[in-house]
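As a plain string of letters, each chain reads:
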Amino acid sequence: MQSQSTPSVTTVLGIETSCDETGVALYRHGDGIVAQAVHTQLDHAKYGGVVPELASRDHVRKLAPMIRQVLDEAGCRPAAIDAVAYTAGPGLAGALLVGSAVAEGYARGIGRPTIAVHHMEGHLLSPMLEPDPPDFPFVALLVSGGHTMLIEVRAPGAYRLLGETLDDAAGEAFDKTARLLGLGYPGGPEVARLAEQGNAERFDFPRPMTDRPGLDFSFSGLKTHTRLLIQREAGDPQTRADIAAGFERAVVDTLVIKCRRALKQTRLDRLIVAGGVSANRRLRQALDAKLAGRVYYPPLALCTDNGAMIALAGWYRRAEAGQAGKVAVRPRWPLDELPPLTEAAPA
Ligand code: KG4
Ligand code: ZN
């Protein structure tokens, strides 16, 4: 990648297409997110999960009009964009390729460089878009549909993986439980809604891997437990709500226990929680109760996938901006393989 002089990158167009959300946003350093648009693909609902080919085709349809819409809303001419950032991985290969091709082509058309962004670094940095962002260092809990990770974050770009899931991600467990309960996709918000009418105490649920040391997670046993419970108790709407509430409480308790353990182990003070599951109200309540004033989240609208976090991460990685034109993605891309940031970025 060709390195460019960095101080000139102030305005970044961000493009997210790693899964089933098309996200476009314009970030201007000093002003924050100037305009953004997210399109959530709903066609997947009837299949109970994301269909990769449908996702790619929808990104193709939506991206160009969304870029126009965001620039119009921001009152920004293409020439005022300094760099185009896009999600290069991890994610669905076809979906990523659409974002990469559009970003590379668009950037080349306006004569600007591109920045390949790691999707999880986007989530990780998203709490920095809040008016009162956390100072570094902190522990990050990233909980999405594809990942559950605890990370020690010393500075932007300085990441050490502390623990991760050995099987299902937390969001995935929500999605699968929703399916078992006959709810729609994505399952997290649906399970949370049903849980509001439920009694979390009625059934016993395991808190996986909390009784032994370590910071890894496992949610597949909890999922099996829930499946057997649903089969055994089947039933009436109240029972389903009680199961949803018990399941949600078990996931929340497990995450809270591991976060506190990670803070203790690293001797760090602050926690950030990001990714789709960080929108969960009960998770936020439980963490706020235990870690009052020391826990930070992205704005609610930016918990699930969006272009704003990609534009922001692109700005942090502006030193890596390279000549546009090369379409390349990394569907599998471990976060700790990211190069350190070459300069400390001001908040
Ligand atoms: O970060 P995200 O949009 O996509 C990935 O990178 O995977 O996360 C999506 C996940 C889905 O599994 C969805 O069910 C879950 O986040 N989710 C929630 C809530 N909102 C979204 N899980 C629990 N409670 C919620 N309120
Ligand atoms: Zn995500």
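Preceding this section is the structure that the text describes.
This report concerns the structure included in the present document.

Conventions adopted
Per-chain numbering applies: the sequence of each chain, read as written, is numbered from 1 onward. All chains are assigned letters beginning at A, and all ligands numbers beginning at 1, according to the order in which they are written. Totals for whole chains, interfaces and linings use every residue, but because this is a predicted model, local features are given only for residues with pLDDT of at least 70 and side-chain atom pairs only at 80 or more, for both listing and counting. Side-chain measures were taken over the full set of non-hydrogen atoms in the model, leaving aside hydrogen atoms and water. Here the axes come from fitting lines to C-alpha atoms, over the contacting stretch only for helices, and the angles between their N-to-C directions go from 0 to 180 degrees. By the criteria applied, helices consist of DSSP H or I runs no shorter than four residues and strands consist of E runs no shorter than two, each listed in order from the N terminus. Each crossing gets its hand from how the near helix is turned against the far one by less than a right angle, where anticlockwise is left-handed and clockwise is right-handed. Should any heavy atoms of two residues lie within 4.5 Å, those residues are counted as being in contact. We call Asp, Glu, Lys and Arg charged. Ala, Val, Leu, Ile, Met, Phe, Trp, Tyr, Cys and Pro are nonpolar, and the rest, Gly among them, are polar. One fewer than the residue count of a helix, multiplied by 1.5 Å, yields its expected span. Only protein chains enter the accessibility calculation, which uses a 1.4 Å probe; a residue is then buried when its area is under 20% of its type maximum, exposed when over 50%, and partly exposed in between. Each aromatic pair joins two rings of Phe, Tyr and Trp (for Trp, the six-membered one) with centres within 6.5 Å, and gets the label stacked for planes under 30 degrees apart, edge-to-face for over 60, and tilted for any other angle.

1. A closer look at the packing of helix α4 (residues 170–180) against helix α5 (residues 187–195)
Following both chains from N to C, one finds α4 and α5 inclined at 65°, their axes separated by 7 Å at the closest point. The way α4 lies across α5 gives a crossing that is left-handed. Along the contact surface, α4 presents F174, D175, T177 and A178, while α5 presents G187, G188 and V191. Along the lines of polarity and charge, the residues of the contact of α4 with α5 split into three nonpolar, three polar and one charged.

2. Considerations on helix α2 (residues 93–110)
The end-to-end C-alpha separation of α2 is 26 Å, in line with the 26 Å expected for 18 residues at 1.5 Å each. Where α2 is concerned, the buried positions are A95, L96, V98, G99, S100, A103, E104, A107 and I110. Lining the buried residues of α2 we find β1 (11–16), α1 (52–74), β4 (83–89) and β5 (114–118). G111 lies just past α2 and shows a positive phi near 70°.

3. Thoughts on unusual backbone geometry
Of note, the bond from G89 into P90 is cis; its omega dihedral lies within 30 degrees of zero at -15°. Within the fold, P90 resides in the loop between β4 and α2. Cis geometry marks the peptide bond from F136 to P137, where omega comes out at 0°. Following the sequence through the fold, P137 ends up in the loop between α3 (119–125) and β6 (138–143). The residue M209 is not glycine, and still its phi comes out positive at about 60°. In this structure M209 comes out as buried when scored by relative accessible area, which is 16%. Positive phi, close to 60°, is recorded for R267, a residue that is not glycine.

4. Digging into the packing of aromatic side chains
For the coordinates displayed, the defined rule picks out five aromatic pairs. Their ring planes at 55° and their centres at 6.1 Å tell us that Y27 and W315 sit as a pair that is tilted. With Y27 in strand β2 (residues 21–28) and W315 in helix α9 (residues 307–316), this residue pair connects regions lying 288 residues apart in the sequence. Here Y27 falls in the buried class, since its relative accessible area comes to 6%. Given the relative accessible area of 3%, W315 is considered buried. Between the aromatic rings of W315 and Y316, the centroid separation amounts to 5.4 Å while the plane-to-plane angle is 75°, which identifies the pairing as edge-to-face. Since its relative accessible area comes to 5%, Y316 is described here as buried. Clustering of aromatic rings is evident, with ring pairs tying together Y27, W315 and Y316.

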